[in-house]
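Secondary and tertiary structure notes
Letter by letter, the chains look like this.
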Amino acid sequence: MIIVGTLESSDCLITIIPAETLIIEVDSIVYDAFGQQICHVIKHTLAKANITKAHIICQDKGALDYTIKARLETAIARYQEEGF
Amino acid sequence: MNRSYLFIPGDVPRMLQMLDVFDADAVIIDFEDAVALNQKDEARFLTRNFIQTHPPKAIEVYIRINHIIDDPKETMKDLEMIIDLPISGIVAPKINRLSLAKLDRYFEEKTSPLKIIGLVETPDVFFDLMTLAQHPRIQGLMLGAEDLTRIMNIERNLTGDNILWARSSIVYAMHSVSKEAIDTPYTVIHDHQGLAKDATIAANLGFTGKAVIHPNHVEGVHLAFTPTEHQILTAKKIVEYAKKNQSIRFNLDGKMVDKPIIDKAHALLEKYAKNGDKS
Amino acid sequence: MIVYDSVDILLNDLKLSDGMQLSFHHHLRDGDHVINQIMNAVNTRDIHDLRLHPSSIFPSYTAILEALKRNRISQLTTSYMNGPVAEYCMKHPLKHGLHMQTHGGRARAIMTEETVIDIAFIAAPTVDVLGNATGTIGPAACGSLGYAIADAKYAKTVILVTDNIIDHIENPQIKKDTVSAILKLKSIGDPKGIISGTTTITNDPVGIQIAKKATRLIEALGYIKPGFSFQTGAGGISLKISENIKQLMQQNNIQSSFITGGITQYHVEMLNLGMVKSLYDVQCFDLVAVDSLKNNPKHRSMSAHEYANPENPNRVIKNLDVVVLGATEIDLDFNVNVTTDSYNMIIGGSGGHSDTAEDAKLSIIVAPLIKARTPIIKQRVNTITTPGHTIDCFVCERGIAVNPRRQDLIKILEKSHVSIIPIEDLLALSHDYTGIPESFPSKKEVIGNVYDRHGRIIDYLYLKE
């Protein structure tokens, strides 16, 4: 399991757990306004890194897109480094 | 010449996305001391994504990387992640001839235009200051008094009497090559009077700017590095008198004015015009 | 004067019955014990269709929540509410709705008898044996009783609720003439809860930046001059602006005429330094203010009528130069929302917001452009609390927008060092960071009205789904 980021305001906490399929969970304080956008950023970033199997949890405290992407990229880099 | 270099931690989104709202002339995004060892990658990814999405407009951005000799692995990762970003340069900790040469070689190989601000924070480097100052990659040198006094086992105090030689050495070296001499930050966050004193000492010694560790310090530093209204009025008077009378040597309000003083007045007005609309 | 010591006996004697209009005030804020003790007794009775007029509702007023759940209340009229009662109201419509007034509008409605109150339960920190009352002394001293004065004068029955009865009060805020009885309880409030949660100067760098910009704006517009008056309230950014203004006044040796609204220790300090001639206090935000009101004759309490009633030609804020106010949302027409959040939940209300915006010569809104990805500027605010034609400027950390209706201000600023930016550009700038928010909850069922100070409906409240 990989955890990146924080639960501070304007940040998000990304968790990656090995899984047999692709599962994306988003929990955001701005879900009504930006939920779709957050999901889009996560899917796009995963696709670019060729991740097709993993359980991704995003706990969002109002992070902007660049932060969500950066936290996820960091998590993916660590995930791949650890040989999942 | 920037009056303020504001440090912003590289791994805190809340601060990163606000880096241009504090009126600092320049910011330094920190990958080194402000970031824990196991979070260096977070800072790199976050900063890279931020700069790519929101390229800096009205502000100069620098990144303080890790130390190329002490920690080559982390530092090479830092460099790889920032080399193509639209920033002004890097801040190199514990600068000396060797670390400067290594960094310069890396930038040359990549044909990068990035400039280097060297952090002067070890005793030995004071005897190489002129060599560093003259290096074309060097844009300025910044005093790092916290590390320096720690290594030398001396107290930091508000008068700064025990770092006077260090301060002046940097000022003289940088003035001799017309580059930036940047003072060490004032580290007591809520002491604005102490900040004003410390920044005034730096400005009087001839520093061109000062590092800043908290956004609330920017205004105080700018105040110290901005000429007073009286200074501006006097400079205007001198410049106008010289122009009107086509004279380079005259008596103004009982004071002798000659060419160096007229030049100085011109320089002061030029500097003020550049920063006049910011505080 | 009759003194009761049992809520139940009092309610029996009052013949509390279905459909009655009851009022309360909120000077004891989150430390109030009166509303809960009265409403707990009400809740045990088989009574329905009560109409409540608390001047504000705080999170600790849980007996109102219980009354709502037991279907005791059919209508709520207030100026500000947050916490569990607010949440419940937005999800469970009242038979006769939720009505959001302004502080000045509440006084106006009561004095014109547009609102007729059957029983006013007035928390009174000290009462004398004749039935006079004051808020400046007693175990639950809260200072000014400004929001309760209209109730004390116009309600059919006035009950002073106290925990401290003395022989004689020198300068009562409420006079015995209209008082029907006294209810003595063990405690009417917890002094700790009386202090507002937000009365310290902000240290947040973004807040400080906003305050700096707002101060320069006020200065550039020429308002900081001898005899000027201002109101900043008790928000962290507002207080920072007060502090900046104080410094400018000291540098330039300027004395101001008065400060009004909610009063804090920072305003008291200015009074004590001789920097302001008088404080007009409708509500004390901290205990320093309470103490000052008691001891300093230049620190005067005033009623909501004297403060902000639009039909009072001598209202204090008619002469107000500058007011600094907050916002949850602001839109391209400068309409401001401090009543609901962007998700249709009620989180506040006007209080004196729209009263002061309408009267002050210069009204400035201060707020961060983006708060945890939520842009403050909208195409259209979710709820209009204060109409845009009464708002002059918006100041955030990335710039200052001036209402195009105020070309006079724009002309002055063109000749100053303060730069301004269209509010549309600030909206675009915030979207550069946040992205464009998706559309918000549908507005189907109306559950309440928002009124301006004149009593006109300016917007509606909708059921939160």
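This one's a predicted model, so the numbers in the text were calculated from it and none came from an experiment.

So, how was this worked out
- Residues numbered from 1 in each chain as written.
- Chains lettered and ligands numbered in written order.
- Predicted model: local features only at pLDDT ≥ 70, side-chain atom pairs only at ≥ 80, totals over all residues.
- Heavy atoms only, no water.
- Buried < 20%, exposed > 50% of the residue type's maximum accessible area, 1.4 Å probe, protein only.
- Helix = DSSP H or I, 4+ residues; strand = E, 2+ residues; numbered from the N terminus.
- Salt bridge = Lys/Arg side-chain N within 4 Å of Asp/Glu carboxyl O.
- Contact = heavy atoms within 4.5 Å.
- Buried area = accessible area lost by both parts, 1.4 Å probe.
- Polar contact = N/O pair within 3.5 Å; in protein donor to acceptor, adjacent residues only side chain to side chain.
- Nonpolar A, V, L, I, M, F, W, Y, C, P; charged D, E, K, R; others polar.
- Pairing = 2+ DSSP bridges.
- Axes fitted to C-alpha atoms, helices over the stretch in contact; angles between N-to-C directions.
- Left-handed = near helix turned anticlockwise from the far one by under 90°.

Here we come to helix H2 (residues 34–43) of chain C. Across the 10 residues that make up H2 of chain C, a large majority, eight, are buried. Looking at H2 of chain C, one finds that the buried residues are Val34, Ile35, Asn36, Ile38, Met39, Ala41, Val42 and Asn43 of chain C.

Following the criterion strictly, the structure yields 49 salt bridges over all chains and no others. Taking the shortest distance from any N to any O, the salt bridge between arginine 71 of chain A and glutamate 42 of chain B comes out at 3.3 Å. Of the two residues, arginine 71 of chain A sits in helix H2 (residues 65–81) while glutamate 42 of chain B sits in helix H2 (residues 40–53), which places them in two different chains. Of the charged contacts in the structure, one is a salt bridge between arginine 150 of chain B and aspartate 147 of chain B, with a shortest N-O distance of 2.5 Å. Taken together, the residues arginine 150 of chain B and aspartate 147 of chain B, both in helix H6 (residues 145–152) and three residues apart, mark about one turn of the helix. Through salt bridges with shared partners, a single ionic network connects Asp11, Arg71 and Arg78 of chain A together with Asp41 and Glu42 of chain B.

If you look at the interface, chain A gives 17 residues, while chain C gives 13 residues. For the pair chain A and chain C, the summed buried area comes to about 1100 Å², and 57% of that belongs to carbon and sulfur atoms. Together, Asp32, Phe34 and Leu64 of chain A form the three largest contributors to the area buried by chain A at its contact with chain C, with a combined 51%. One can count one salt bridge joining chain A with chain C. When the shortest N-O distance is used, the salt bridge between aspartate 65 of chain A and arginine 373 of chain C registers 2.9 Å. Remark: the boundary between chain A and chain C carries four residue pairs in polar contact (both at pLDDT 80 or more). Elements with a minimum of two residues in the side of chain A that touches chain C: helix H1 (31–48) and H2 of chain A. The greatest single-element share of the side of chain A that touches chain C, amounting to seven residues, is contributed by H1 of chain A. In terms of residue class, the side of chain A that touches chain C is built from eight nonpolar, six polar and three charged.

Residues and elements named next belong to chain A. Strand order in the open sheet made by the four strands is E1-E2-E4-E3, with mixed pairing throughout. For this open sheet the edge positions go to strand E1 (2–5) and strand E3 (22–28), each flanked by a neighbour on one side alone. Averaged over all pairs of adjacent strands, the angle between strand axes in this sheet comes to 10 degrees, irrespective of strand direction. In this structure, E3 lies alongside strand E4 (residues 54–60), joined through seven bridges in parallel fashion. Across the sheet, the residue bridging to isoleucine 23 is histidine 55, located in E4. Against the sheet, H2 touches E1, strand E2 (12–17) and E4, its axis set at about 30 degrees to E2.

Before going further, it helps to examine the interface of chain B and chain A. Between chain B and chain A, the contact holds 16 residues from the first and 16 residues from the second. Interface area for chain B against chain A, summed over the two sides, is near 1300 Å², with a carbon-plus-sulfur share of 50%. When the buried surface of chain B facing chain A is broken down by residue, Glu42, Phe45 and Asn49 of chain B rank first, second and third, together holding 39% of it. Its salt-bridge partner being aspartate 41 of chain B, residue arginine 78 of chain A comes within 2.6 Å of it at the nearest N-O pair. Between chain B and chain A we count nine residue pairs in polar contact (both at pLDDT 80 or more) in total. Where the side of chain B that touches chain A is concerned, the elements lending two or more residues are helix H1 (13–16) and H2 of chain B. The dominant element in the side of chain B that touches chain A, judged by the number of residues it contributes, is H2 of chain B, at seven residues. For the side of chain B that touches chain A, the class distribution of residues is six nonpolar, six polar and four charged.

Here the focus is the packing of helix H3 (residues 72–82) of chain B against helix H4 (residues 97–109) of chain B. All names here are of chain B. Two elements in contact, H3 and H4, have axes separated by 12 Å at closest approach and are oriented at 35 degrees. Along this stretch, H3 crosses H4, giving a crossing that reads as right-handed. Listed contacts from H4 to Met76, Leu79 and Glu80 of H3 are Leu103, Tyr106 and Phe107. Of the residues that constitute the contact of H3 with H4, the class distribution is five nonpolar, no polar and one charged.

Let's shift gears to unusual backbone geometry. Unusually for a residue other than glycine, glutamine 246 of chain B sits at a positive phi of about 45 degrees. With respect to the helices, strands and loops of the structure, glutamine 246 of chain B is situated in the loop between helix H10 (229–245) and strand E9 (250–252). Given the relative accessible area of 71%, glutamine 246 of chain B is considered exposed. At asparagine 253 of chain C, a residue that is not glycine, the phi angle is positive and equals roughly 55 degrees. In this structure, asparagine 253 of chain C sits in the loop between helix H9 (236–251) and strand E13 (256–263). Classification of asparagine 253 of chain C as exposed rests on a relative accessible area of 72%.

By definition, the strands of a sheet pair up through backbone hydrogen bonds, in either a parallel or an antiparallel sense. Residue and element names in this part refer to chain C. Across the sheet, which stays open at both edges, the three strands sit in the order E8-E7-E10 with mixed pairing between neighbours. Looking at which strands have only one partner, the edges of the open sheet turn out to be strand E8 (133–134) and strand E10 (165–166). With two bridges connecting them, strand E7 (residues 126–128) and E10 associate as parallel partners. If you follow valine 127 over to E10, its bridge partner there is isoleucine 165.

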